[in-house]
Amino acid sequence: MNVKKHTSENNKVIQLYKNKWNRKWFIPLGMLIFILMVILGIKYHVYHNYRTLASSGNEDTQSSGYIPLGDRLLKYGDDGAYLLSQSHEILWNYTFEMSNPSADVRGEKAVIYDKKGTKMFVLDKNKPISDMETKFPILQAEITEKGSVAAVLQDGEKTWINYYASDGSVIAENQTRIENPGYPLDMTVSPGGENIAVSFLMVENSRLISKVIFYNFGDAGQNKEDNIVAEYQYENIVIPQIIYLDNTTAVAFGDNGYSIFKGIENPKEEVKETIEEEIVSTFHNEKYFGLVLKGTGKKEGYMMQLYSPSGKKMFSEKFEHEYQSIDISKEMIILCDGSKVRMYNLKGILKFDGIIGEGAVKNVFQMSSKRYMVISENGIHTISLK
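Residues numbered from 1 in each chain as written. Predicted model: local features only at pLDDT ≥ 70, side-chain atom pairs only at ≥ 80, totals over all residues. Heavy atoms only, no water.

Just to check I follow, could you spell out unusual backbone geometry for this structure?
The general pattern is negative phi for most residues beyond glycine and trans for most peptide bonds. Here Asn180 and Pro181 are connected by a cis peptide whose omega angle stands at 10 degrees. Phi is positive for His88, close to 70 degrees, though the residue is something other than glycine. Here His88 is to be found in the loop between β4 (80-84) and β5 (90-95). Overall, His88 belongs to the buried group, its relative accessible area being 12%. Even without being a glycine, Asn227 presents a positive backbone phi close to 65 degrees. The residue Asn227 is located in the loop between β16 (207-216) and β17 (228-235) in this model. (Helix = DSSP H or I, 4+ residues; strand = E, 2+ residues; numbered from the N terminus. Buried < 20%, exposed > 50% of the residue type's maximum accessible area, 1.4 Å probe, protein only.)

Looking at this structure, I do not really get the pattern of salt bridges. What am I missing?
If the charged atoms of two oppositely charged side chains come close together, the side chains can form a pair. For the structure on display, the rule yields 9 salt bridges. The shortest N-O distance in the salt bridge between Glu235 and Arg207 comes to 2.6 Å. Here the residue Glu235 occupies a position in strand β17, and Arg207 occupies one in strand β16, the gap between them amounting to 28 residues. The exposure class of Glu235 is partly exposed, given its relative accessible area of 41%. On the accessibility criterion, Arg207 (29% relative accessible area) is partly exposed. Close ionic contact of Arg342 with Asp353 constitutes a salt bridge, the shortest N to O distance being 3.5 Å. Taken together, the positions of Arg342 in strand β28 (residues 340-345) and Asp353 in strand β29 (residues 350-355) put the pair 11 residues apart, joining distant regions of the chain. For the pair shown, Arg342 and Asp353 are each scored as buried. Connected through shared salt-bridge partners, Glu204, Arg207 and Glu235 make up one network. (Salt bridge = Lys/Arg side-chain N within 4 Å of Asp/Glu carboxyl O.)

Sorry if this is basic, but what is going on with the sheet that holds β29 here?
One key point about sheets: their strands pair by backbone hydrogen bonds, in either a parallel or an antiparallel sense. Read across the open sheet, the 4 strands follow the order β26-β27-β28-β29; overall the sheet is antiparallel. In this open sheet, the two edge strands, each paired with only one partner strand, are β26 (325-329) and β29. Each strand axis lies, on average, 15 degrees off the axis of its neighbour in the sheet, ignoring direction. Direction of pairing for β26 relative to strand β27 (residues 332-337): antiparallel, over a ladder of 5 bridges. Bridging across to β27, Ile326 finds its partner in Leu335. (Pairing = 2+ DSSP bridges. Axes fitted to C-alpha atoms, helices over the stretch in contact; angles between N-to-C directions.)

Quick question: what am I supposed to make of a negative patch on the surface here?
Where like charges cluster on the molecular surface, the negative patch consists of Asp60, Asp78, Asp79 and Glu97. Mapped onto the secondary structure, Asp78 falls in the loop between β3 (72-77) and β4. (Patch = residues over 30% accessible without salt bridge, like charges linked within 9 Å, V, L, I, M, F, W, Y side chains within 5 Å. Areas by Shrake-Rupley, 256 points an atom, 1.4 Å probe, with all protein chains shown as cover. Lys, Arg positive; Asp, Glu negative; His and termini not counted. Charge placed at Lys NZ, Arg CZ, Asp CG, Glu CD.)

When you look at the sheet that holds strand β23 (residues 289-294) in this model, what are you seeing that I'm missing?
A sheet is described by the order of its strands in space; here 4 strands give the open sequence β22-β23-β24-β25, paired in antiparallel fashion. Either end of the sheet is taken by a strand with one partner, and the two such strands are β22 (279-284) and β25 (313-319). In this sheet, adjacent strand axes meet at a mean angle of 15 degrees when their direction is disregarded. Taken together, the 6 bridges between strand β24 (residues 302-307) and β25 define a ladder with antiparallel strand orientation. Bridge pairing in β25 links Met303 to Lys318.

Looking at this structure, how should I read the layout of surface pockets?
Empty space within the second largest pocket amounts to approximately 210 Å³. Put simply, the parts of the chain that give the lining of the second largest pocket at least two residues each are β23, β24 and β25. Along the lines of polarity and charge, the residues of the lining of the second largest pocket split into 4 nonpolar, 5 polar and 6 charged. (1 Å grid on protein atoms, 1.4 Å probe; cavity = no way out; pocket = protein on both sides within 12 Å on 5 of 7 lines; lining within 4 Å. Points joined across faces, edges and corners; volume = space filled by probe spheres on them. Nonpolar A, V, L, I, M, F, W, Y, C, P; charged D, E, K, R; others polar.)

I tried to follow the environment of Val46 on my own but got confused; where do I start?
Topologically, Val46 is positioned in the loop between α1 (2-44) and β1 (50-57). Val46 sits 339 residues away from Leu385 along the chain, and the two C-alpha atoms are 10.0 Å apart. Ignoring sequence-local partners within four residues, the contact set of Val46 consists of Leu350, Lys351, Phe352 and Asp353. (Contact = heavy atoms within 4.5 Å.)

Just checking my understanding: could you explain a nonpolar patch on the surface for this structure?
A contiguous nonpolar surface patch, about 220 Å² in accessible area, is contributed by Ile178, Tyr183 and Leu185. Structurally, Tyr183 is set in strand β14 (residues 183-189). Classification of Tyr183 as partly exposed rests on a relative accessible area of 32%.

Help me understand the side chain of Arg342 in this model?
Since its relative accessible area comes to 17%, Arg342 is described here as buried. Reaching out from Arg342, the side chain makes a polar contact with the side chain of His321 at a distance of 3.4 Å. Among the polar contacts made by the side chain of Arg342, one reaches the side chain of Asp353 at a distance of 3.5 Å. With residues near it in sequence (within four places) discarded, Arg342 still touches His321, Ile333, Ile334, Leu335, Leu350, Phe352 and Asp353. (Polar contact = N/O pair within 3.5 Å; in protein donor to acceptor, adjacent residues only side chain to side chain.)

Function cannot be inferred from these measures alone, as they are strictly geometric.
Here it is in structure tokens:
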């Protein structure tokens, strides 16, 4: 009898201990679960609506170009340019005449140039810096963080790869010919201005040949023929696009994949990736590059992939909706299709899926975590997601 009584008392003590333990950990455990749910809710929350903070209606958005310059918006057209704050205040304006204006931005410097014309203007977020006139029509121009400009010029059957200081003075000139090394399809300059990389296309003995050539107009290229510090050749491949992500990383996009080059004094091809699927689009910023591939099977759709400068795949995300444009703006990948806009973060998670009520969208630029500037057919709008 005493044994049973002792056992019963022990069971009561154990039960009381369990109840006390449960009460002790119930609140912290509940709080932890609540915090995790909030974090997951924020991480996977999809915005569908927005509020308009400022608008500039009746803008000629269809014939003008727009590009972010720092935390502001640069508008350029055939009669001039102006810089717009997020509250739509004109900070400065600059008049000129161009037939086909185009622009490039790196950091807080920008160049506006007349494609197939001879005028270029260098500016920053505070003011225009200089204007310059080239000897031959401009095919393409890119600016560095310091304000120097690399340009491809057309001279009949010859082309020139020229490099200019921010004041317009010529740093270097390099003539190329269609028969060798070929016709330049694309050009890019490293952010610091050390290297210029060009993709050429030529036909040799009925063979289609692409070349990626790196020019260095500093100390590394002084004793090199034509300032060439590296050259790569590819047969039966077209390379329509080449970009610099950072000062030491260039990416060349071919019709069947991509190559990553590393280095300044002697760039090396460190990654060469062949892709079987059709490459529909490319996109990039100063940190990452991405591809949109055509899907296969019954539900084709698309596959969006993002890569680091080393070629590491950051994510791969399927989607089925159509789009007219895709770009990275700060921390968002933005797809536009008329007035329909979708935004994915850099982990491939959908963050916005909605209709922009101001009409068909030309561009969307992220200014802060929830604030965007939208260029639509009806004007310019600063919006905040909600």
